[in-house]
Amino acid sequence: MARSLDGLFFAPVSDQAPGQVGTRTRFAYHEQGGAVWAEYAGGDVVRGHLVGTREGDRLDFRYVQLRTDGTTASGHCVSTVEELADGRLRLAETWEWESAPGSGTSVVEQVTEHAR
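Residues numbered from 1 in each chain as written. Predicted model: local features only at pLDDT ≥ 70, side-chain atom pairs only at ≥ 80, totals over all residues. Heavy atoms only, no water.

Asks: Explanation requested: the overall build of the protein chain in the structure shown.
Replies: For the protein chain, the count of helices and strands is 0 helices and 8 strands. If you list the helices and strands of the protein chain from N to C, you get β-β-β-β-β-β-β-β. The C-alpha atoms of the protein chain give a radius of gyration of 13 Å, which matches the 13 Å a tight globule of 116 residues would have. Each principal axis of the C-alpha distribution contributes one length, and for the protein chain these read about 35 × 30 × 20 Å. Taken over 116 residues, the protein chain has a buried fraction of 41%. The contacts in the protein chain between residues at least 6 apart in sequence include a share of 33% that link residues at least 24 apart. (Helix = DSSP H or I, 4+ residues; strand = E, 2+ residues; numbered from the N terminus. Rg over C-alpha atoms; globule rule 2.2 N^0.38 Å. Buried < 20%, exposed > 50% of the residue type's maximum accessible area, 1.4 Å probe, protein only. Contact = heavy atoms within 4.5 Å.)

Now the structure itself:
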């Protein structure tokens, strides 16, 4: 099992469609006893939250976000935790909106102190 996500920061490696997370979005993760949660903001997202569970290297969570245009959105995501060659963590994500049609994949990687 990869190390804990608690206290780590992540950012997408590429931009998604407008109104979604992008390279300027930052996720602050927490983990305790199989529970995971995070706050996120940046880019088109004013404020977002996710909450779910971790079993081994698999995360399963729901997310909700407020966008800069005043709309809200929610969805479901399953992620796989991977360790990069440099020791940072990567989350390979498969997500789907529950508040609107749409689904996709994305990748977020751990950012270091100077990249926040």
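Asks: How should I be thinking about the side chain of Ser106 in this particular structure?
Replies: Structurally, the position occupied by Ser106 is in strand S8 (residues 103-110). Residue class for Ser106 comes out buried when judged on its relative accessible area of 13%. Residues contacting Ser106, with those up to four places away along its chain left out, are Gln16, Leu91, Ala92, Glu93 and Trp95.

Asks: Looking at this structure, how should I read the nonpolar core?
Replies: General note: in soluble globular proteins, nonpolar side chains tend to be found buried as a group. Among the nonpolar cores identified, the biggest contains 22 residues, and Leu5, Phe10, Phe27, Tyr29, Leu59, Tyr63 and Leu91 are the most heavily contacted of them. Of all the elements in the fold, those that place two or more residues in this core are strand S2 (26-32), strand S3 (35-42), strand S4 (45-55), strand S5 (58-67), strand S6 (72-83) and strand S7 (89-97). Residues in contact with Tyr63, not counting those within four places in the same chain, are Tyr40, His49, Leu50, Ala73, Ser74, Gly75, His76, Cys77, Trp95, Glu96 and Trp97. (Core = buried A, V, L, I, M, F, W, Y, C linked by side-chain atoms within 4.5 Å.)

Asks: It is not clear to me how the packing of aromatic side chains should be interpreted in this structure. Could you clarify?
Replies: Given two aromatic rings, their pairing is described by the distance between the two centres and the angle made by the two planes. Within this structure, the stated rule accounts for 5 aromatic pairs. An angle of 75° between the planes, with centres 5.2 Å apart, marks the rings of Phe10 and Tyr29 as edge-to-face. On the criterion of sequence distance, the pair formed by Phe10 in strand S1 (residues 9-12) and Tyr29 in strand S2 is long-range, its members being 19 residues apart. Residues Phe10 and Tyr29 agree in their burial class; the two are buried. Aromatic ring contacts, followed pair by pair, group Phe10, Phe27, Tyr29 and Tyr40 into a single cluster. Sitting over the ring of Trp97, Arg67 keeps its end group 5.3 Å from the ring centre. (Phe/Tyr/Trp six-rings, centres within 6.5 Å; stacked < 30°, edge-to-face > 60°. Lys NZ or Arg CZ within 6 Å of the ring centre and 35° of its normal.)

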